[in-house]
Amino acid sequence: MKWKMKNNLDEMQEIKLRGIERNGCWFAFWALLAAMMIQLVLGAEPKQMAGEWIVFMCLALYLGIACMRAGIWD
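The text that follows walks through the structure, step by step, so that each part is easy to find. (Residues numbered from 1 in each chain as written. Predicted model: local features only at pLDDT ≥ 70, side-chain atom pairs only at ≥ 80, totals over all residues. Heavy atoms only, no water.)

1. Details of the overall build of the chain
Here comes step 1: Along the backbone of the chain there are 2 helices and 0 strands.
Here comes step 2: Counting across all 74 residues of the chain, residues that qualify as buried make up 12%.
Here comes step 3: Total accessible area on the chain is roughly 6,800 Å²; 67% of this is exposed by carbon and sulfur atoms. (Helix = DSSP H or I, 4+ residues; strand = E, 2+ residues; numbered from the N terminus. Buried < 20%, exposed > 50% of the residue type's maximum accessible area, 1.4 Å probe, protein only. Areas by Shrake-Rupley, 256 points an atom, 1.4 Å probe, with all protein chains shown as cover.)

2. What about the packing of aromatic side chains?
Here comes step 1: Within this structure, the stated rule accounts for 4 aromatic pairs.
Here comes step 2: Here Trp53 and Phe56 contribute two aromatic rings whose centre-to-centre distance is 6.0 Å and whose plane-to-plane angle is 35 degrees, an arrangement assigned as tilted. Here Trp53 pairs with Phe56, and both are found in helix 2 (residues 50-70), just 3 residues apart, close to one helical turn.
Here comes step 3: A connected cluster of aromatic rings, assembled from ring pairs, spans Trp26, Phe29, Trp30, Trp53 and Phe56. (Phe/Tyr/Trp six-rings, centres within 6.5 Å; stacked < 30°, edge-to-face > 60°.)

3. Side note on the environment of Arg22
Here comes step 1: Here Arg22 lies in helix 1 (residues 11-41).
Here comes step 2: Arg22 gets classed as partly exposed once you look at its relative accessible area, which sits at 45%.

4. A short note on helix 2
Here comes step 1: Here helix 2 is 21 residues long and its end C-alpha atoms lie 30 Å apart, about the 30 Å a rise of 1.5 Å per residue gives.
Here comes step 2: In the core, the buried residues of helix 2 are packed alongside helix 1.
Here comes step 3: Directly beyond the C-terminal end of helix 2, a positive phi value near 70 degrees is found at Gly71. (Expected span 1.5 Å × (residues − 1). Contact = heavy atoms within 4.5 Å.)

5. A look at the pattern of salt bridges
Should the charged atoms of two oppositely charged side chains come close, the side chains can pair.
Here comes step 1: Inspection of every chain in the model, using the stated rule, returns 1 salt bridge.
Here comes step 2: In this structure, Arg18 engages Glu14 in a salt bridge whose closest nitrogen and oxygen atoms are separated by 2.8 Å. Separated by 4 residues within a single helix, Arg18 and Glu14 lie in helix 1, roughly one turn from each other.
Here comes step 3: By relative accessible area, which is 54% here, Arg18 ends up exposed. (Salt bridge = Lys/Arg side-chain N within 4 Å of Asp/Glu carboxyl O.)

6. A short note on helix 1
Here comes step 1: With 31 residues, helix 1 should reach 45 Å at 1.5 Å per residue; the first-to-last C-alpha distance of 45 Å fits that figure.
Here comes step 2: Along helix 1, the residues classified as buried are Gly19, Cys25, Phe29, Leu32 and Met36.
Here comes step 3: Its buried side turned inward, helix 1 meets helix 2.
Here comes step 4: Remark: Gly43 follows helix 1 within two positions and exhibits a positive phi of approximately 90 degrees.

Purely geometric stuff here, so don't read any function into it on its own.
Printed below as a string of structure tokens:
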């Protein structure tokens, strides 16, 4: 049995929420990339960046696959 949560947001609130989520996702993507580049410049070993690299690649794959499936190129 599937449970579906009731959405109490009106259309304008839902549009604003999706914009906030989109901006947060892109911020995380670029912030992770910047953090990894800074660590490389400062001489960090690749083992030290493994967690950030995994999160970055998961986010990149998710964004790419989701956009391809939806036919959206923003």
